[in-house]
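Below, each chain spelled out in residue letters.
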Amino acid sequence: MAKLYAFELSGEHPTVPRSEALSLLRIHAASFREVAGTERCLLVDADGLDHRILERRLAMTHRILEVLKVCDASPESIEQALRSLDLPRLSYRVRASRLGEGIKSHDLERMAGRVLYAMGYRADLENPELDIRAIVSRNKVVFGYEVARPDRGGFERRRPHLKPFFYPGVLMPRMARALVNITMVRPGELLLDPFSGTAGILVEACLTGIRGVGVDVQEKLNRGARANLEGMEADLILGDARSLPFKNSSVDAVVTDTPYGRSAVIKARSKDEILSRSVEEMYRVLKAGRRAVIVTDSPAEDLLRSKGFRIAELHSDRVHRSLTRYIHVCEKPADF
């Protein structure tokens, strides 16, 4: 039977967290339907959802709630919603997360405590038998039980400068994991990064049970990447992204952060030539009906379409004043 879930999305990026959650729902729920939510709260009716798998994979979601009530953010509607809850007679605690504007978290917690106490429930802020979460936005409040909380601290421990081998200009772990998830690649499948660098993308793939393979033309980066991947199921190849050593339609997903900026080592006539020929190769080796996420420093939709890809999504990520990343979510047509 379908249940209503709320995903409390992080504010690290305006569009990628929602895309990541929806992509994982497509492969880890028997069925789902998106319900009108707010900017940072995704509401879905889902059937057969294994939220523990999502807990292990998600990077840009703070928590998932099994929803009890959704109401307007007015004091009257909040009190009415609380009084309509059919809760077990257990000690409780209410914790609220405020997303942007709206009623303050501690004000809602006090209001909830007052209403529930009047209904005969007993509060226990230290060791409650029942934890009730509330997600507060400007217009809505969602009450529910927390069923999953991704380990966001793990991403902090894997920040690039804390790894055995560091090289500047790489994706942060949360973004790398989110892009892996957006490909809808499943555990046990093969993900390719044809510009693998320090293997940050491959690390995030391998930690979720995905097999990784990386290609990079720089021997120094390959050696460093091996140190970062120690103990993980991944292969590294010293090679050229313009001539990938794989059969046609042999990989399940592609995620790559293409070379850009003055620090990029260009072993070709130009950066444009590298991008054009490598995109051809990505298209060739990707299985039909599957996704590639290709990051560039300028919009590349026309190039990607000219090589056969369909653009499913486009996200932009402003890193600093002189660099904006463009995240192209591409699909190879199923009838290829």
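Structure: see above.
Here the residue numbers are simple positions, counted from 1 along each chain's written sequence. At least 70 in pLDDT is required for a residue's local features to be given in this predicted model, at least 80 for side-chain atom pairs to be given and counted, and no such filter applies to totals for whole chains, interfaces and linings, which use all residues. Only hydrogens and water are set aside; all other atoms, that is, all heavy atoms of the structure, feed into the side-chain values.

Participant: Looking at this structure, how should I read the overall build of the protein?
Facilitator: Across its full length, the protein holds 10 helices and 14 strands. Each radius of gyration reported is based on C-alpha atoms, and the globular scaling rule is 2.2 Å times the count of residues to the power 0.38. Taken against the 2.2 N^0.38 rule, which gives 20 Å for 336 residues, the C-alpha radius of gyration of the protein at 22 Å falls within 12% of a compact globule. C-alpha atoms of the protein, sized along the principal axes, occupy 75 × 45 × 40 Å. Taken over 336 residues, the protein has a buried fraction of 53%. When contacts within the protein are restricted to residue pairs at least 6 apart in sequence, those whose partners lie at least 24 apart make up 71%. For the protein, the accessible surface area stands at approximately 15700 Å², while carbon and sulfur atoms represent 47% of it. Side chains of the protein give 53 positive and 46 negative charges; the mean places of these two sets differ by 2 Å. What counts as a helix is a DSSP run of H or I of at least four residues, what counts as a strand is a run of E of at least two, and both are numbered from the N terminus. For every residue, the accessible area obtained with a 1.4 Å probe (protein chains only) is divided by the maximum for its type, and the residue is called buried under 20%, exposed over 50%, and partly exposed between those limits. Two residues form a contact once any of their heavy atoms are found within 4.5 Å. Using the Shrake-Rupley algorithm and a 1.4 Å probe, accessible areas are obtained, with residue cover drawn only from the displayed protein chains. Neither His nor the chain termini are counted; the positive set is Lys and Arg, and the negative set is Asp and Glu. In plain terms, the charge of a residue is placed at NZ if it is Lys, CZ if Arg, CG if Asp and CD if Glu.

Participant: How should the side chain of arginine 174 be read in this particular structure?
Facilitator: With respect to the helices and strands, arginine 174 occurs in helix H6 (residues 173-182). In contact with arginine 174, not counting residues within four places along its chain, are Glu12, Ala59, Met60, Arg152, Phe155 and Glu156.

Participant: How should I be thinking about the packing of helix H1 (residues 16-28) against H6 in this particular structure?
Facilitator: Each packed pair of helices is defined by two parameters, the angle between the axes and the distance between the axes. With their axes 8 Å apart at the nearest point, H1 and H6 run at an angle of 40° to one another. It follows from the interaxial angle that H1 and H6 lie oblique. Our pair here, H1 against H6, has a crossing hand that is left-handed. For the pair formed by H1 and H6, the contact residues are Val16, Ser19, Glu20, Ser23 and Leu24 on the first element and Met175, Arg177, Ala178, Asn181 and Ile182 on the second. Side-chain classes follow a simple rule in which Ala, Val, Leu, Ile, Met, Phe, Trp, Tyr, Cys and Pro form the nonpolar group, Asp, Glu, Lys and Arg form the charged group, and the remainder, Gly included, forms the polar group. Split into classes, the residues belonging to the contact of H1 with H6 amount to five nonpolar, three polar and two charged. Inter-axis angles, ranging from 0 to 180 degrees, are taken between N-to-C directions of lines fitted to C-alpha atoms, where helices are fitted over the stretch in contact. In these notes the angle categories are as follows: under 35 degrees is roughly parallel, over 145 is roughly antiparallel, 65 to 115 is roughly perpendicular, and the rest is oblique. Helix crossings are classified by the rotation of the near helix relative to the far one: an anticlockwise turn of less than a right angle makes the crossing left-handed, while a clockwise turn makes it right-handed.

Participant: How should the sheet that holds strand E3 (residues 41-47) be read in this particular structure?
Facilitator: Within a sheet, each strand pairs with its neighbour through backbone hydrogen bonds, oriented either parallel or antiparallel. Taken together, seven strands build an open sheet; the order of strands is E2-E3-E1-E4-E7-E6-E5 and the sheet is mixed. In this open sheet, the two edge strands, each paired with only one partner strand, are strand E2 (31-38) and strand E5 (92-98). When the angles between neighbouring strand axes are averaged without regard to direction, this sheet yields 35°. Note: strand E6 (residues 130-136) against strand E7 (residues 140-148), four bridges, orientation antiparallel. Paired with alanine 134 across the strands is phenylalanine 143, a residue of E7. Packed on one face of the sheet, H1 meets strand E1 (3-9), E2, E3 and strand E4 (61-72) and runs near 160° to E2. Sitting on the sheet, helix H3 (residues 75-83) is in contact with E4 and E7, with an inclination near 95° to E4. Each pair of strands is called paired provided DSSP finds at least two bridges between the two strands.

Participant: What am I meant to see in unusual backbone geometry here?
Facilitator: Keep in mind that most residues, glycine aside, have a negative phi and that most peptide bonds are trans. Positive phi values are uncommon outside glycine, yet methionine 184 reaches one of about 65°. In this fold, methionine 184 is placed in the loop between H6 and strand E8 (190-193). In this structure, alanine 199 is a non-glycine residue whose phi angle is positive, near 75°. Within the secondary structure layout, alanine 199 lies in the loop between E8 and helix H7 (200-206).

Participant: Looking at this structure, I do not really get the environment of aspartate 302. What am I missing?
Facilitator: Tracing the backbone through its elements, the reader meets aspartate 302 in helix H10 (residues 301-306). On the accessibility criterion, aspartate 302 (63% relative accessible area) is exposed. Each C-alpha atom, one on aspartate 302 and one on leucine 22, is 26 Å from the other, the two residues being 280 residues apart in sequence.

Participant: Help me understand the pattern of salt bridges in this model?
Facilitator: One side chain can pair with another of opposite charge once the charged atoms of both are near each other. A carboxyl oxygen of Asp or Glu within 4 Å of a side-chain nitrogen of Lys or Arg is what we treat as a salt bridge. Under the definition given, this model contains 32 salt bridges. Notably, a salt bridge pairs glutamate 12 with arginine 174, separated by 3.2 Å at the nearest N-O pair. In this pair, glutamate 12 sits in the loop between E1 and H1 while arginine 174 sits in helix H6, placing the two residues 162 residues apart along the sequence. Judged by its relative accessible area of 36%, glutamate 12 falls in the partly exposed class. Through salt bridges with shared partners, a single ionic network connects Glu12, Arg152, Glu156, Arg159 and Arg174.

Participant: Please explain the packing of aromatic side chains as it appears in this structure.
Facilitator: Pairs of aromatic rings are described using the distance from one ring centre to the other and the angle between the two planes. Stacked, tilted and edge-to-face pairs are distinguished by plane angle, under 30 degrees for stacked and over 60 for edge-to-face with tilted covering the rest, among Phe, Tyr and Trp rings (Trp via its six-membered ring) whose centres lie within 6.5 Å. Counted by the stated rule, this structure contains one aromatic pair. A cation over an aromatic ring shows up here: arginine 89 above the ring of tyrosine 121, its NZ or CZ 4.2 Å from the ring centre. Sitting over a ring, as applied to charges here, requires NZ of Lys or CZ of Arg to be within 6 Å of the ring centre and within 35 degrees of the ring normal. Sitting above the plane of the phenylalanine 155 ring, arginine 158 keeps its charged end 4.8 Å from the centroid.

Participant: Even after reading the chapter, I still don't get the nonpolar core, so can you show me in this structure?
Facilitator: For soluble globular proteins, nonpolar side chains are generally found buried alongside one another. In this text, buried Ala, Val, Leu, Ile, Met, Phe, Trp, Tyr and Cys residues form a nonpolar core when linked through side-chain atoms within 4.5 Å. Core analysis: the biggest nonpolar cluster contains 28 residues, and Leu179, Val180 and Leu191 have the highest contact counts within it. For this core, the elements supplying multiple residues, two or more each, are H6, H7, strand E11 (253-257), strand E12 (291-296) and strand E14 (323-331). Considering each element in turn, this core owes the most residues, six residues, to H6. Dropping the residues within four chain positions of it, leucine 179 is found in contact with Leu171, Val255, Val293, Val295 and Ile327. Residues Val215, Leu244, Val285 and Ala300 belong to the second largest nonpolar core, which totals 24 residues.

Worth remembering: the numbers are spatial, not functional.
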